[in-house]
Amino acid sequence: MKNLRCYSSSTLIIVLIHINLSVSSFLTQTKGFDSVIRLPHSALTRSKRVLSVTDYGAKGDGLHNDTKAFQEAWNVACAQSGRINVVFPLGKTFLVHPVDIAGPCRSKITLTILGTIVAPKDPALWHGLNQRRWLFFSGVNHLTVHGGGRINGMGQEWWARSCKINSTNPCQPAPTAITFHRCKYLKVRNLMMLNSQKMHMAFTSCRRVVASNLQVLAPAFSPNTDGIHISMTKGIVINHTLIRTGDDCISIVRNSSRVRISNIYCGPGHGISIGSLGKSKAWEKVEDVTVKGAYLYNTHNGVRIKTWQGGDGFVSKIKFQNILMENVSNPIIIDQYYCDSPDPCKNQTSAVKVESISFIDIAGTSATDKAIKFACSDGFPCEGLHLKNIYLVPCFGGNTESYCWKAHGSTRGFVYPPACFTSSNDSLTESLASDGSFFRST
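Quick notes on the rules
Sequence order sets the numbering: in each chain, residues are counted from 1 along the sequence as written. Local features are withheld for residues below a pLDDT of 70 in this predicted model, meaning they are given only at 70 or higher, and side-chain atom pairs are given and counted only at 80 or more; totals for whole chains, interfaces and linings count all residues. With hydrogens and water set aside, each side-chain value is computed from the structure's full complement of heavy atoms. UniProt positions are given in the numbering used here, feature names are shortened, and annotations may be inferred rather than shown by experiment. Helix numbering and strand numbering both begin at the N terminus, where a helix is a DSSP run of H or I of at least 4 residues and a strand a DSSP run of E of at least 2. Throughout, a residue-residue contact means that at least one pair of heavy atoms, one from each residue, lies within 4.5 Å. For this analysis, a polar contact is any N or O atom pair within 3.5 Å, provided that within protein one partner can donate a hydrogen and the other can accept it, and provided that sequence-adjacent residues contribute only side-chain to side-chain pairs. Any Lys or Arg side-chain nitrogen found within 4 Å of a carboxyl oxygen on Asp or Glu counts as a salt bridge. Burial here depends on accessible area, computed with a 1.4 Å probe over protein chains only, as a share of the maximum for the residue type. Under 20% is buried, over 50% is exposed, and the range in between is partly exposed. DSSP bridges decide pairing: two strands pair if at least two such bridges lie between them. Angles here are taken between N-to-C directions and fall from 0 to 180 degrees, while the axes themselves are lines fitted to C-alpha atoms, restricted in helices to the stretch in contact. The term disulfide is used for any two cysteine sulfur atoms that are within 2.5 Å.

## Considerations on the UniProt feature "active site" (unreviewed entry) in the protein chain
Line of reasoning, step 1. According to UniProt, the feature "active site" (unreviewed entry) maps to His270 in the numbering used here.
Line of reasoning, step 2. Note that His270 resides in the loop between strand E18 (256–266) and strand E19 (272–277).
Line of reasoning, step 3. Residues in contact with His270, not counting those within four places in the same chain, are Gly246, Asp247, Asp248, His300, Asn301 and Arg304.
Line of reasoning, step 4. Of note is the side chain of His270, whose polar atom sits 3.4 Å from the backbone oxygen of Gly246.

## Brief notes about the pattern of salt bridges
Line of reasoning, step 1. Evaluation of the coordinates by the stated rule reveals 9 salt bridges.
Line of reasoning, step 2. The partner of Arg161 in a salt bridge is Glu157, and the shortest N-O contact between them spans 3.1 Å.
Line of reasoning, step 3. Judged by its relative accessible area of 43%, Arg161 is partly exposed.
Line of reasoning, step 4. Between Asp288 and Arg260 there is a salt bridge; the shortest N-O distance is 2.8 Å.

## Quick notes on the sheet that holds strand E11 (residues 176–181)
Line of reasoning, step 1. Reading across the sheet, the 11 strands line up as E5-E8-E11-E13-E15-E17-E19-E21-E23-E25-E27 and stay open at both edges, with parallel pairing between neighbours. Every interior strand has two partners, whereas the edge strands, strand E5 (99–102) and strand E27 (401–405), have only one. Across the sheet, the mean angle from the axis of one strand to that of its neighbour is 15°, orientation sign disregarded.
Line of reasoning, step 2. With 4 bridges connecting them, strand E21 (residues 303–307) and strand E23 (residues 332–335) associate as parallel partners. Counterpart to Lys306 in the pairing with E23 is Asp335.
Line of reasoning, step 3. Set on the sheet, helix H4 (residues 67–79) makes contact with E5 and strand E8 (133–138); between it and E5 the angle comes to about 5°.

## Observations regarding the state of the cysteines
Line of reasoning, step 1. Applying the stated criterion across every chain yields a total of 6 disulfides.
Line of reasoning, step 2. Between the sulfur of Cys78 and that of Cys105 lies a disulfide, 2.0 Å long from S to S. On the S-S bond that ties Cys78 to Cys105, the torsion sits near -100°, and the link is left-handed. Highlighted residues: Cys78 in helix H4 and Cys105 in the loop between E5 and strand E6 (107–113), separated in sequence by 27 residues. A single burial state applies to Cys78 and to Cys105, both of which are buried.
Line of reasoning, step 3. Residue Cys404 pairs covalently with Cys420 via a disulfide, S to S 2.0 Å.

Right, dumping it as structure tokens:
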């Protein structure tokens, strides 16, 4: 990960293209993260509708296995009717081994995490279990998870064993810290996720999800530690969230739609990605995604769409808007030749179709010469690409440029670096954007 910072006249950029990011207010909110109101244990346990895991035998000392206590409290809550609160109390650390928490439940459960939940450090404790799971919630509707506490995956030993850290290691699966599978009417808010074994939080086959006011933190070198992963999920909102990890801040993959992302602080990491899609000739789609309001700092990519050769399906109706970037490599990129493999990938004619993609009001500094890169398929060119009000300048002087292969689209407003596909706008706008004279003289 890059350690150098670069600076640009951000104020000028924001004025020119009307970027309305609430970064300062968001940072104020995250600084106040630990001030979330926490009810004292004595007040909580007075109600029959509030079940503390300590009442079911949890020690909360970080040493004893508290998994059974969590399961027992959950089972009692799940069997009741009405609204039930299951609490991990403040000031304690609960060691929880891999666990599946299943619905449906009669009740609408709120899981209140005031203290800290930690995973076992030793990967050997997953022997004979599903190595892709730690905390796995499935089929639970009307669930709320919140509280201002922490969930720590203790992933350091998993990272050390990764083939991406040491190429002599075999490539093996690792757990996602918390997975929500087939959950409906789900709310996740006011939590800190730390040092996941692999991905931090995943939503798979979910409906009607709101995730907000989260902090997701892991070192930049930690492999495959995506912040939030969305798969086969329809109707999800993610907002007011800070993500600093070793992989995608947010990744959106197969058969997901109606995704709304706003007010995101991302970096370090690999940016905000759609894909990868189409691996192993799979048919996959992602559509109706809006990312509106984000600040990306020191990331390997900015906003990205990535697909494998040989796949099928489509990516459509995607909008990236109001995004500010600082020292970002590949700020705008569509890569239909994605190949996350130690061996070269063979050229193939079929591809996931990419169409109706908009990039609007995006500004900042690029760490690479190519600030805009559209590498599209020979057999299925990108169509309906749209650039509006783009201003991406180099970090350390010089010029940025665009690269296009089989990319068709239009531009509007000021676009720098100039687009490399045919623009439907007048030549004056393109000329002003191409030499940057308008921006330097204003």
